[in-house]
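Observations on the three-dimensional arrangement
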Amino acid sequence: MLNKSFKKVFLILISASFVFFPLFSVADEVLTVTATVGSGGTPSPSGGGGAPYIPPTSIRFSGQAYPNGKVLLIKNKNIIAEVLASNLGDFSVTFEEQIDRNVVYSLYAVDSAGVQSVILNYQVYLSTGYLTHLSGVLFPPTITLDRYSAYIGDDLSSFGFALPERALELKIEGKDTKTFNVISNKGGVYNIAVPLLNFKSGQYKIYTKYKEQALTSKVLPFELLAEEKVPEVKSKIPGDCNFDDRINLKDFSILSFWYKKKNPPACLDVNHDKIINLIDFSIYAYYWTG
Amino acid sequence: MKKLLLTILFTFLFFGSSSLAYGAELYLSSPDNVRLGDTFEVSVLFNTEGEFINAADIEISFNQKLLTFSGYKESEGVLGFWIERPHIENGKIRLTGVIPGGVTSSYNPNKKGQQPVSLAKIIFNAKSTGVANLYFTKSQILKNDGLGTELNHSKRSKAVSVYKTAEEIKEDIKPEPQVIEGETPGVTEVPADTESPDRFVLEYFESSLFLRIPSIVTFYGYDAGSGIDRYEMKIGNKDWRVVESPYNIGESLFKRQVTVRAYDHAGNFKDSTIVVPGSLTLWVIVIFITLTLFAFAVYEFLLIYHRRKRKG
């Protein structure tokens, strides 16, 4: 009896004493990482002379994505958990682990329109018997365009998901740089028709972000044409040579075939230096969709 | 006094400059002292100073008379997508990989603030006594900015002393092991890897004129314990041969069974099999037979027609 009570008190004391609250600020994303004994599960029946109870080891990520969007947790290139965000965009995903080490997790979200967010990577140190909780994860908005080439004077329509009623910035960068402000509606949707007046023709990139956050959405390229020029058929992602709108292991394999070889196909050589090297891989990794 | 100030200034300019020039720093973390025969881990750490990085190409030099490269802990580094997995090249350890989406720091609930990123964890075995110096002979680290911009950084080397016995370590002049922020000093005993590599991705891609690639087979193994050492391939009844991904499989009339075996550094292996289609598919055979029969029927018809015409 005394043994049982002692175990209970011991567990409570351990639980209370091993709660940590360090704060990390990564590019305006305020992350909190905590570790608590166990993951809220019920302890195994005590008594007898069995091995001491070790609470489960688990990892939890929580934060904000998009209203009714999906959040996927990836480890070792495999999806290990998937949750739905609330109608306000809040999510929490927990995964039970077996090990005690530095683990690399990736998270990405998919909005209600099926558009994928950027990938967020977290290397987390886990301890056996603890629930390690990374809270405050904030996905930047998603973005799509109605077309990837437009004429000067046209309106370019950009659409995406963010948290409800949040101030966003849409940036166009290239020969000219302009910022447009937009507010998402109650459902998290934002839609803006960008007037392409007073822009020089050329290659541009466009992205959105929360006003208060540095982390941006995916960066989409588009070409602004002078009236007489016919638009080229191009993928919206640099290096997507099979035009499937994805950069994944298949593209990585093809790029690997050309690694360190000279005069690769122009479509693969994304920085146009006539060789496939680490820079091309870095650009692919930036546009990675999985 | 003047001399002392000049000496300090000289030291600051010439020795301190490499570590003060850039905020970002690449360094190694390992135990300071190990025993002969010990297997120990060395972490390749990178302090990003808040920058997002997504690619690294690193070369580490080490004393091969004292240490043996015994693999790497695949699960404990962010470089999951290897362009060149850690291996020995010209007597140095070479590792090149990317992190899709990029990374800026690691998180440890027991430590305050952002922690450096563990790019990779390398396993060594101490085979002779002495002081082994580990240092970077090449390092290229790129930002996750969609342009592949290089992130300037400083580098820090590491010395590991190999002793015959544990008693010798105790008698060493360094009473305390050096603790580097962001990393717990390594435990000298690394458990032996007895697990086979995980089931791995094995894919076939048809040749493409547009991308100027032949038909290739790609494979990406994963081994948490000691990392992938090599791949071997068996096509049909042919012998095993050492291969690298992506592998030019060439063309064949008939379909072939291709088995790829991934070996980890401890000698455990895992097989994965794929059937590569031949250019002579069932449809081609059906069409060929149909056309042959049709030609034969036309020939027979014309023969009979001409015979009748002659008779008539």
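What you see is a predicted model; the values in this text were computed from it and never measured.

1. Details of the overall build of chain A
The secondary structure content of chain A amounts to 3 helices and 17 strands. For chain A, contacts bridging at least 24 residues in sequence account for 57% of all contacts bridging at least 6.

2. Describing helix H3 (residues 278-286) of chain A
For the α-helix, the turn length of 3.6 residues means that residues three or four positions removed from each other point alike. Within H3 of chain A, 9 of the 9 residues are buried, leaving the element largely enclosed by the surrounding structure. The elements touched by buried residues of H3 of chain A are helix H2 (249-257) of chain A together with strand E4 (53-61), strand E6 (81-89), strand E7 (92-103) and strand E10 (130-143) of chain B.

3. Digging into the domain arrangement of chain B
All names here are of chain B. In terms of domain boundaries, chain B breaks down into domain 1 (22-170), domain 2 (201-276) and domain 3 (285-312). Computed from C-alpha coordinates alone, the two centres of domain 1 and domain 2 are separated by 28 Å. Contacts between the two partners involve 9 residues from domain 1 and, on the opposite side, 9 residues from domain 2. For the side of domain 1 that touches domain 2, the secondary structure elements donating two or more residues are strand E5 (67-72) and E6. The element best represented in the side of domain 1 that touches domain 2 is E5, accounting for 3 residues. Residue classes in the side of domain 1 that touches domain 2 are distributed as 3 nonpolar, 3 polar and 3 charged.

4. A look at the interface of chain B and chain A
Between chain B and chain A, the contact holds 47 residues from the first and 46 residues from the second. It is E7 of chain B that provides the largest number of residues to the side of chain B that touches chain A, a total of 7 residues. Broken down by class, the residue content of the side of chain B that touches chain A amounts to 21 nonpolar, 20 polar and 6 charged. In terms of strand pairing, strand E8 (residues 120-125) of chain A meets strand E8 (residues 106-107) of chain B through 2 bridges, oriented parallel. By the bridge assignment for E8 of chain B, valine 124 of chain A is matched with tyrosine 107 of chain B.

5. A look at the sheet that holds strand E15 (residues 189-195) of chain A
Backbone hydrogen bonds hold the strands of a sheet together, and the pairing may be parallel or antiparallel. Residues and elements named next belong to chain A. Read across the open sheet, the 3 strands follow the order E10-E12-E15; overall the sheet is antiparallel. Two strands bound the open sheet, and with one partner strand each, they are strand E10 (144-145) and E15. By the bridge criterion, 7 bridges tie strand E12 (residues 155-161) to E15 in an arrangement that is antiparallel. Residue pairing in the sheet places aspartate 155 in a bridge with proline 195 of E15.

6. Some thoughts on the pairing of strand E17 (residues 220-225) of chain A
Residues and elements named next belong to chain A. One ladder, built from 3 bridges, connects strand E11 (residues 149-151) with E17; its direction is parallel. In the strand pairing of E17, alanine 150 is matched with leucine 224. Strand direction decides the pairing type here: strand E16 (residues 202-210) and E17, joined by 5 bridges, are antiparallel. Residue isoleucine 206 lies in a different strand from E17, and its bridge partner there is leucine 220.

7. Let's talk about the domain arrangement of chain A
Domains assigned within chain A are domain 1 (2-138), domain 2 (140-234) and domain 3 (237-290). Once you take the C-alpha centre of each, domain 2 of chain A and domain 3 of chain A turn out to be 24 Å apart.

8. Observations concerning unusual backbone geometry
In this structure, the amide linkage connecting serine 245 of chain B to the following residue, proline 246 of chain B, adopts the cis form with an omega of -5°. By the secondary structure assignment, proline 246 of chain B is in the loop between strand E16 (241-243) and strand E17 (247-248). Even without a glycine there, the phi angle at asparagine 68 of chain A is positive, about 60°. Tracing the backbone through its elements, the reader meets asparagine 68 of chain A in the loop between strand E3 (57-64) and strand E4 (70-75). With 16 C-beta atoms packed within 10 Å, asparagine 68 of chain A lands in the partly exposed category. Located in the positive-phi region is glutamate 49 of chain B, a residue other than glycine, with phi close to 55°.

How each quantity is defined
Residues numbered from 1 in each chain as written. Chains lettered and ligands numbered in written order. Predicted model: local features only at pLDDT ≥ 70, side-chain atom pairs only at ≥ 80, totals over all residues. Helix = DSSP H or I, 4+ residues; strand = E, 2+ residues; numbered from the N terminus. Contact = placed C-beta atoms within 7 Å. Buried ≥ 20, exposed ≤ 12 C-beta atoms within 10 Å, placed from the backbone. Domains from an automatic or database assignment. Nonpolar A, V, L, I, M, F, W, Y, C, P; charged D, E, K, R; others polar. Pairing = 2+ DSSP bridges.

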